[in-house]
Structure formats: structure tokens, C-alpha cells
Amino acid sequence: MKYLILSLLVAMLPLNSFADQKSNTAKKVVHLFDNATVGAVQTVIGATHILWYMIFDSDGALLKVHNNEETEVVQMGIENPPPFFSGAYSLGLFQVGGYAHDHEGGHSVASAVLGPLYLPTVGLSYLAEGHHASFVEGWAELESSGDGYTVMNDFTVSPGKIEIEGKDYNVVAFKYSLNEEQIAKGYGLESEKVYKWFNTNIMIPLIDKNSDIEAVPVVEFDLLKKELNLIVDNIYLYLGGDQDLKWQIKTSQEYLSYDNNKLLDIVRLKASSWQASYGLIYNLNEQIKFDVNAGVGVAYESMKFGSIDEEVRGFSLGTKFDFSVSFEDNYKMTYEYEKWTLGSNTSITEEFYGASYHKKRPLSFLHDSSELRLKIGKKEIEYSTNRYQFNEDRIDFGLELTF
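Because the structure is predicted, anything quoted here is derived from the model rather than measured.

Trainee: Lay out the overall build of the protein chain with the relevant residues and their values.
Mentor: Tallying secondary structure elements over the protein chain gives seven helices and 16 strands in all. Each of the 403 residues in the protein chain was classed as buried or not, and the buried ones make up 47%. Contacts in the protein chain between residues at least 24 apart in sequence constitute 59% of all its contacts with a sequence separation of at least 6.

Next up, the structure:
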């Protein structure tokens, strides 16, 4: 399996032209994949319009590929006048109306990250704000602007400890990803989107005469991990007063993930996973900020438990909750809870407690977006299947540099 993943990795390399910071083929492929999978509801509804025009328009469906060279958007445009005297609109991989192509393409970016929550989010936003004042319309404009991506390296070194069944193993974790980061502001929104290519975590055992580790105990790899954080700053309009209260949407998507824990003899493979959370940000004052989010997810994966000779595969459903307190934008305390259920008797639960210190551009010769983080945390992982339970605790003290 590891050779299959490496082969796929090599095959994908030519797709991603990292020199082009606005748009590249790899991001477009990911966009198509997302709207064909988690965004399938919108895409299927959009595709039915072809049949509509074939029946009710004498010219049939007028189709044209819309490939925005400034963004990751690729859509099929149905250039006929919009039905029911409506304006142009976008549904997954299709847009209808023959105008406002870039704006409607911006909606397809939202569809790709929100997946099955896209249409409910649009509906609630229109209902609360009206169409033209809706934050999803501002989001589409923000995405269609084509703001460039900055290519960054993210590297972390974390000395730490793994505890399994009362036994401690001293390790050093090395984490790396090649990031394409896009930060955009406007229309009352703040958006941060990151493509983390080759997202890797390898734990190396420390030399210890009492240790019985004979190989690298933990290898975790994602070909790509895509994350979005969208902050909407006008929630106070509905509550009255002048409180500094915002709400946010956070999404996380993984592609071709491979996790191998040799200490527990567990291998977890995910073809793809999607997760979306909705939450609130409350600034108590200029120094203290609270952040709380809750969400759901879905993945297609397999898990093999070597010690009990059991393997399960299929779709898993996930739930997530996280809470954090920030002080002066430099210090942050975090709690995260995440649970995935695969089939009727297999689950993976993760809890994380941690604190971090952030410093922007720690060295003057680094990029303006560079950041240094000093992190300490504990992660508790529990695997349950068929009356068997495996527990793992990880404690690490990490130094992360994005440059």
C-alpha cells in the first residue's frame, strides 16, 4: 500500500505548478472532485437543467466550459437564459444563465467546501439577510477576485512521548507540508484557505537501551489536506447592540490518507474525507477572544487491526467540537474532540488539549506571512472494535515554523 501511495504522489506532482500562485491544474482537479463527491447534490440538480432545456428550449442546451484561469474554478456553463425569469445561478459543477461567470464560479468554490451543507447555508443566509445582502453573495465575489496563493513551507519538530498500555515510548515527531495559502478580505468577510500538499507526520524513536522499538512507530501521510476558515463579521446586526460577535465556517478535507501505527498494529486508509463546522467568535475585549465550533463529517476509509486480524471498510460518519481562548493574538489554549464511526462496531475517538504561542514573521528576512509557533499538547486516541479497545496517548512539545 505504501508503494501505491508513493506512485500516486509521483503521478500528481506534474499536476501542481507551484510556480503559478493563482491557479494550477491540481487545484482544478480537486475542485472537480469535490463538487462531484461531497457537492454531488448541487451538481446533480445542476445537470438536470440540460434535460430541461432540451425539452423546453428549441435551441436545446447551449453548453460552454467555464475555466477561470485566475482561480481553481472549472464549471460547465449552460448559456441559455435562466428559467423562471430568475438571475444567473450556480449549482456544483454547473452554472446557468450565460453571464456573471466568475461570480457564479465563486459559488462553486463554496459548494466544493460545504458539500451537503451548501444549499441549507445558502437558504438560511438568503432568508436572514436577503439575496443581495447575503454573505454567500459576498463570498462568491471574494472567491471570484482571483487573489493569489502564497507558497509556504510548514515544518515542525516535536520531542514527545507515546503511552500505550502503560508503557512509554520516547519519540521525536517531524511534520512537514508544502502549503498554498490564500488570505482574502472584503464584503464583511475574512477568508483563509490552505492547500497542504504532502502533509506528513513521522515519529522517530529516541535511542534507548530499554526500548523495544525496531522501526518507525508512526507514519501519517495525506497527499493533500485542504482547509478553509471563513469569518463573517456582521452577526451583531441580528442581535442588536455593538457586541464584537462574529460567526465562522471551518472546513477540512483530506485526500489519499495513510496512517500506520506499528505500536498498535493498526493501519488506517482514507480515500477522501470531508468535515465542516459552524461556530462563533466572541471578542470579550481587545486582549481576549473565545472561539467555539461544532460540525459533522463523512469519509470513505478502511481500517486493519493486525493484532486481532480484523479489517473493516466503508463510509464513516464523524462529529467534531472545538473550543479555544486566545490572548492578545499571541497565546492560545485549545480543546478539540473528534469521533468517527465506521460500520456498527468500529469507532475512532480523539481528544486534544494544548496551548501555543504565535509570533508573526519571527525573522526579518522571512516572508510577511511567516510564523513561528511554540506548542505543547496532549492527544488521547481510542480505537474500539468488536469488544476490543486500543488506547494511545501522545504528549509533545513542538516548534513549528511556516516560511
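From this point, the discussion proceeds with the structure in view.
Trainee: I'd like to hear about the nonpolar core, residue by residue, with values.
Mentor: Among the nonpolar cores identified, the biggest contains 19 residues, and Ile 162, Ile 266, Met 303 and Tyr 383 are the most heavily contacted of them. Elements supplying a minimum of two residues to this core: strand E5 (150-164), strand E6 (167-186), strand E11 (288-305), strand E13 (331-342) and strand E15 (371-385). Residues in contact with Met 303, not counting those within four places in the same chain, are Ile 266, Val 267, Arg 268, Glu 310, Glu 311, Val 312, Leu 342, Thr 346, Ile 348 and Tyr 383.

Trainee: Go over the sheet that holds strand E3 (residues 89-91), please, and point to the residues and values.
Mentor: One open sheet accounts for four strands, arranged E1-E2-E4-E3; its pairing is mixed. Every other strand in the sheet has two partners, leaving strand E1 (63-67) and E3 as the edge strands with one partner each. Neighbour-to-neighbour, the strand axes of the sheet open up by a mean angle of 30 degrees, direction not taken into account. Sheet analysis places E3 next to strand E4 (residues 94-96), joined by three bridges and oriented antiparallel.

Trainee: Give a description of helix H4 (residues 101-114) that names residues and reports values.
Mentor: Turn by turn, an α-helix covers 3.6 residues, leaving residues three or four places apart pointing in a common direction. With 14 residues, H4 ought to run about 20 Å at 1.5 Å a step, and its terminal C-alpha atoms sit 20 Å apart, in line with that. Burial analysis of H4 places twelve of its 14 residues in the buried class, which makes it a mostly covered element. Those residues of H4 lying buried are His 103, Glu 104, Gly 105, Gly 106, His 107, Ser 108, Val 109, Ala 110, Ser 111, Ala 112, Val 113 and Leu 114. Remark: Gly 115 follows H4 within two positions and exhibits a positive phi of approximately 55 degrees.

Trainee: Which residues make up helix H3 (residues 40-56), and what values do they have?
Mentor: Here H3 is 17 residues long and its end C-alpha atoms lie 25 Å apart, about the 24 Å a rise of 1.5 Å per residue gives. Among the residues making up H3, those that are buried are Gln 42, Thr 43, Gly 46, His 49 and Tyr 53. The buried residues of H3 occupy an angular sector of 100 degrees when projected down its axis, which confines them to one face. Away from the buried face of H3 by more than 90 degrees, exposed residues Val 44, Leu 51, Met 54 and Ile 55 are located. Tucked inside the fold, the buried residues of H3 contact helix H2 (25-36), strand E2 (74-78), E3, E4, H4 and helix H5 (118-129).

Trainee: Outline a nonpolar patch on the surface, supporting the account with residue identities and numerical values.
Mentor: Where nonpolar side chains cluster on the molecular surface, the patch consists of Leu 51, Trp 52, Met 54, Ile 55, Phe 56 and Phe 84 and spans about 730 Å² of accessible area. Checked against the element boundaries, Leu 51 lands in helix H3. Looking at Leu 51, the relative accessible area reads 52%, which means it is exposed.

Trainee: Break down the pairing of E2 for me, citing the residues and quoting the values.
Mentor: In terms of residue burial, E2 counts as a mostly covered element, since four of its five residues are buried. In this sheet, E2 lies alongside E1 in antiparallel orientation, the contact comprising five bridges. Residue pairing in the sheet places Val 65 in a bridge with Met 76 of E2. In terms of strand pairing, E2 meets E4 through three bridges, oriented parallel. Along E4, the bridge assignment pairs Ile 78 with Val 96.

Trainee: Outline the environment of Ser 145, supporting the account with residue identities and numerical values.
Mentor: Tracing the backbone through its elements, the reader meets Ser 145 in the loop between helix H6 (135-144) and E5. With relative accessibility at 42%, the residue Ser 145 sits in the partly exposed group. Each C-alpha atom of the pair Ser 145 and His 103 lies 8.5 Å from the other, and the pair is 42 residues apart in sequence.

Trainee: Give a detailed account of the sheet that holds strand E16 (residues 388-402), specifying residues and quantitative values.
Mentor: Sheet strands pair via backbone hydrogen bonds, and the direction of the pair is either parallel or antiparallel. One closed barrel holds the twelve strands; their spatial order is E5-E6-E7-E8-E9-E10-E11-E12-E13-E14-E15-E16, and the pairing between them is antiparallel. Averaged over neighbouring strand pairs, the angle between their axes works out to 20 degrees when direction is ignored. Bridge analysis of E15 against E16 gives 15 bridges, and the strand direction is antiparallel. By the bridge assignment, Ile 376 is partnered in E16 with Phe 397. Relative to strand E7 (residues 189-205), H6 is tilted by about 70 degrees, and along the sheet it contacts E6, E7, strand E8 (218-232) and strand E9 (245-261).

Trainee: Before we move on, can you summarise the confidence of the model for the protein chain with the specific residues and values?
Mentor: For the protein chain, mean pLDDT is 87; residues scoring 70 or higher make up 89% of the total. This stretch, residues 1-20, has a pLDDT under 50; its non-local contacts, to residues over four places away or in other chains, come to 25 contacts.

Trainee: I'd like a description of the pattern of salt bridges, backed by residues and values.
Mentor: Per the stated rule, a full pass over the model turns up 21 salt bridges. For the salt bridge of Asp 322 with Lys 250, the shortest nitrogen-to-oxygen distance reads 3.3 Å. You can see Asp 322 sitting in strand E12 (residues 310-327) and its partner Lys 250 sitting in strand E9, a full 72 residues away along the chain. In this structure, Glu 371 engages Arg 373 in a salt bridge whose closest nitrogen and oxygen atoms are separated by 2.5 Å. For the pair Glu 371 and Arg 373, one class covers both residues: buried.

Trainee: Describe the pairing of E5, and please don't skip the residues or the numbers.
Mentor: Where E5 and E6 come together, 15 bridges link them in antiparallel fashion. Bridge pairing in E6 links Val 157 to Phe 174. Following E5, the chain reverses through two residues before pairing antiparallel with E6; Glu 165 in that reversal takes a positive phi of roughly 50 degrees.

Trainee: Explain the packing of H2 against H4 to me, and be specific about the residues and the numbers.
Mentor: Where H2 meets H4, the axes come as close as 8 Å, and the angle between the chain directions of the two elements is 65 degrees. Every pair of crossing elements has a handedness; the one defined by H2 and H4 is left-handed. Along the contact surface, H2 presents His 31, Asp 34 and Asn 35, while H4 presents Ser 108, Val 109, Ser 111 and Ala 112. Partitioned by chemical class, the residues of the contact of H2 with H4 number two nonpolar, four polar and one charged.

Reading guide: rules and limits
- Residues numbered from 1 in each chain as written.
- Predicted model: local features only at pLDDT ≥ 70, side-chain atom pairs only at ≥ 80, totals over all residues.
- Heavy atoms only, no water.
- Helix = DSSP H or I, 4+ residues; strand = E, 2+ residues; numbered from the N terminus.
- Buried < 20%, exposed > 50% of the residue type's maximum accessible area, 1.4 Å probe, protein only.
- Contact = heavy atoms within 4.5 Å.
- Core = buried A, V, L, I, M, F, W, Y, C linked by side-chain atoms within 4.5 Å.
- Pairing = 2+ DSSP bridges.
- Axes fitted to C-alpha atoms, helices over the stretch in contact; angles between N-to-C directions.
- Expected span 1.5 Å × (residues − 1).
- Arc of directions from axis to C-beta.
- Patch = residues over 30% accessible without salt bridge, like charges linked within 9 Å, V, L, I, M, F, W, Y side chains within 5 Å.
- Areas by Shrake-Rupley, 256 points an atom, 1.4 Å probe, with all protein chains shown as cover.
- Salt bridge = Lys/Arg side-chain N within 4 Å of Asp/Glu carboxyl O.
- pLDDT = per-residue confidence, 0-100.
- Left-handed = near helix turned anticlockwise from the far one by under 90°.
- Nonpolar A, V, L, I, M, F, W, Y, C, P; charged D, E, K, R; others polar.

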